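# A structural walkthrough
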Amino acid sequence: MSTNISRIFDFPYYQLENQPQKKCFNYKEESIWKSISTQEYINLANKVSSSLLKLGVRPGDKIAVITVNNNPNWNILDIGILQIGAQNVPLYATLAEKDYEYILNHSDAKYCFVSNGDLYQKIDAIKVKTQLKGVFSLEELNTTYDWNSFLSLGENDDYEAEIAKLKKAVTPEDLATIIYTSGTTGTPKGVMLSHKNIVFTVFTTTKSLNLNKNDKRVLSYLPISHIFERTATYLNQYLGIEIYFAESIEKIGDNIREVKPHYLAVVPRLLEKIFDKIIDKGSMLIGIKRQLFFWALALAEKYEPYHKNGSWYHFKLKIANKLIFSKWREALGGNLKFMVSGSAPLQDRLVRIFTAAEIPVFEGYGMTESSPAGTINDVRNNGLKIGTVGKPLEGIEIKIAEDGEILIKGENVMLGYYKNEALTNKTIIDGYLHTGDIGEIDTDGFLKITDRKKEIFKTSGGKYIAPAALESEFKQSRFIEQILVIGEGEKMPAAFIQLHFDFVYEWAKRHNHVIEDVSTDEKLIARIQREVDFYNKKFGKWEQIKKFEITKDEWSVASGHLTPTMKMRRKIIKEKYKNLYQKIYNS
């Protein structure tokens, strides 16, 4: 019987029937890559289902999963949960105990799976404050709660018939997962997504990605708890692409060179970091090599698709690709055909440069509430326009409300927010998802994001400020790694700046200057002021950054500045630096 994909757990069975993989999932263990085949994947998923049934898990029950790094067992557990009609509630490994306690209680989770001993201790400590009946590890630890012990629970019982019956009872419209938004502000919301929501997204996205049967490898490293990476994982299974799990975000460069992936899903912050490393290496060159590097870079910054710059430009670009950009491609594995960027705004400059270097970046747009489908750029059929997030995917309608808000309609739109009907009714009106983002659709049908509705603010003089546009521009400076624009209700816009520390110290060394404190060093502050003055010129006088303060520490996920997908937590950053805020506006 042929497998018809209408529910998430149909993907591995479809792969087994149509293009079974010997290396479906690949992971590093003691410096050696190991593999799990499609058949092993399914066999283990059925063991998971058996053990869950032995524990008394029934359709509609919620199972929480927390993992530091992506791994095969997360995916095996996912299918084992879903095919018996239960729901997967993925959580980030960077949350505080109070957040775990809140989400575990709010989601009514019955069991929780974690990826390491530290997480086990953290969840076990709050277990009595929740409805959890047990906590298990995704690792093999030789304990009563480890992965092998869990899988052995259902070994002595035959659940095959019951699993088949439960699978058949699951409908496409049924709830599959509750994803708690990472929350740049406020309490996390539980986004309810159905099997149909995610399956639809996989199918419509596949049509807009230029992949073929020779494209066999992808590196998975973005948090699987995030809908962007999770949906990409199902898409890869559907296409029969071998999935390699990165060892960690710190080792992603090494893993890319080892795996030689054919495409990558990226978030803007990661692409910025990749680019910064490339520029740092180029800056270390001397003589003609350095001149050629920056000549090629300047050429790439002027890139326009579809040969709009003419034959002479492309003749020079061909030389730049041979001499310079070929080394970039080699450093990224040599097989990379394109990258798909989502989650946050991407600098136009980076799209131009990487696309000119024959590693095109296709920026898309969506959100957890849209599973995360929305729009995407596609180089085929004039479907790429730099400065936009592309055209709506097939089957999705996008329109702009009177106040500029982007509205999305389609089978990708969530069921609603868990236990929050009032907010659901405010967010989905007449079938349209109100995104909270501001944008415009041009005459060619491309969507351009201009800002977050909730992030736009007014100064005390009544002038509107769109911080995302300013931040994206200023981050092009090699001195600036992160910048947060502030000034709501104040007389002027200002900013907190986190420096690109490696570059700053290298700059200081070149100028025989010793920096003792980045926040007070007068020579450094004067140099940053020059950067601010330069990028301010691109904005109206009322928008320009009038004052700034440099923060001493690096903004990170671990410290709470950033979400797990590297978006700034505005409220938290402002709270962390309230003394600098007072210095800017009360001095």
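Residues numbered from 1 in each chain as written. Predicted model: local features only at pLDDT ≥ 70, side-chain atom pairs only at ≥ 80, totals over all residues. Heavy atoms only, no water.

### What to know about the packing of aromatic side chains
Here the structure, examined in full by the defined rule, presents 29 aromatic pairs. On the basis of an interplanar angle of 40° and a centroid distance of 5.3 Å, the ring pair of Tyr14 and Tyr238 is categorised as tilted. Placement of the pair is Tyr14 in helix H1 (residues 10-18) and Tyr238 in helix H9 (residues 227-239), with a sequence separation of 224 residues. The interplanar angle of 20° and the centroid separation of 5.5 Å between the aromatic rings of Trp312 and Phe315 together place this pair among those described as stacked. Of the two residues, Trp312 and Phe315 both sit in helix H13 (residues 311-331), three residues apart, roughly one turn of that helix. Judged by its relative accessible area of 57%, Trp312 falls in the exposed class. When its relative accessible area of 46% is taken as the criterion, Phe315 is described as partly exposed. Taken together, the ring pairs in this structure connect Phe275, Phe293, Phe294, Phe325, Trp328 and Phe354 into an aromatic cluster. If you follow Lys167 out to its NZ or CZ, it ends over the ring of Tyr13, 3.7 Å from the centre. (Phe/Tyr/Trp six-rings, centres within 6.5 Å; stacked < 30°, edge-to-face > 60°. Helix = DSSP H or I, 4+ residues; strand = E, 2+ residues; numbered from the N terminus. Buried < 20%, exposed > 50% of the residue type's maximum accessible area, 1.4 Å probe, protein only. Lys NZ or Arg CZ within 6 Å of the ring centre and 35° of its normal.)

### Topic: the pattern of salt bridges
According to the stated counting rule, one finds 32 salt bridges in the structure shown. When the shortest N-O distance is used, the salt bridge between Arg269 and Glu481 registers 2.9 Å. With Arg269 in helix H11 (residues 268-283) and Glu481 in strand E24 (residues 480-486), this pair connects stretches of sequence that are 212 residues apart. In terms of burial, Arg269 and Glu481 fall into one category: buried. Ionic contacts of the salt-bridge type, sharing partners, join the residues Arg269, Glu272, Lys273, Lys475 and Glu481 into one network. (Salt bridge = Lys/Arg side-chain N within 4 Å of Asp/Glu carboxyl O.)

### Some points on the packing of helix H3 (residues 72-82) against H9
Look at H3 against H9: their axes get within 12 Å of each other, and the N-to-C directions meet at 85°. In terms of their interaxial angle, H3 and H9 are classed as roughly perpendicular. Listed contacts from H9 to Trp74, Asn75, Asp78 and Leu82 of H3 are Arg230, Thr233, Tyr234 and Gln237. Tallied by class, residues from the contact of H3 with H9 come to three nonpolar, three polar and two charged. (Axes fitted to C-alpha atoms, helices over the stretch in contact; angles between N-to-C directions. Parallel < 35°, antiparallel > 145°, perpendicular 65-115°, else oblique. Contact = heavy atoms within 4.5 Å. Nonpolar A, V, L, I, M, F, W, Y, C, P; charged D, E, K, R; others polar.)

### Here we look at the pairing of strand E2 (residues 32-36)
As defined by bridge partners, strand E1 (residues 25-29) adjoins E2 across five bridges and the pair is classed as antiparallel. The residue of E2 that forms the bridge with Glu29 is Ile32. Here E1 folds back onto E2, and the loop between the two strands holds two residues, one of which, Glu30, carries a positive phi near 50°. (Pairing = 2+ DSSP bridges.)

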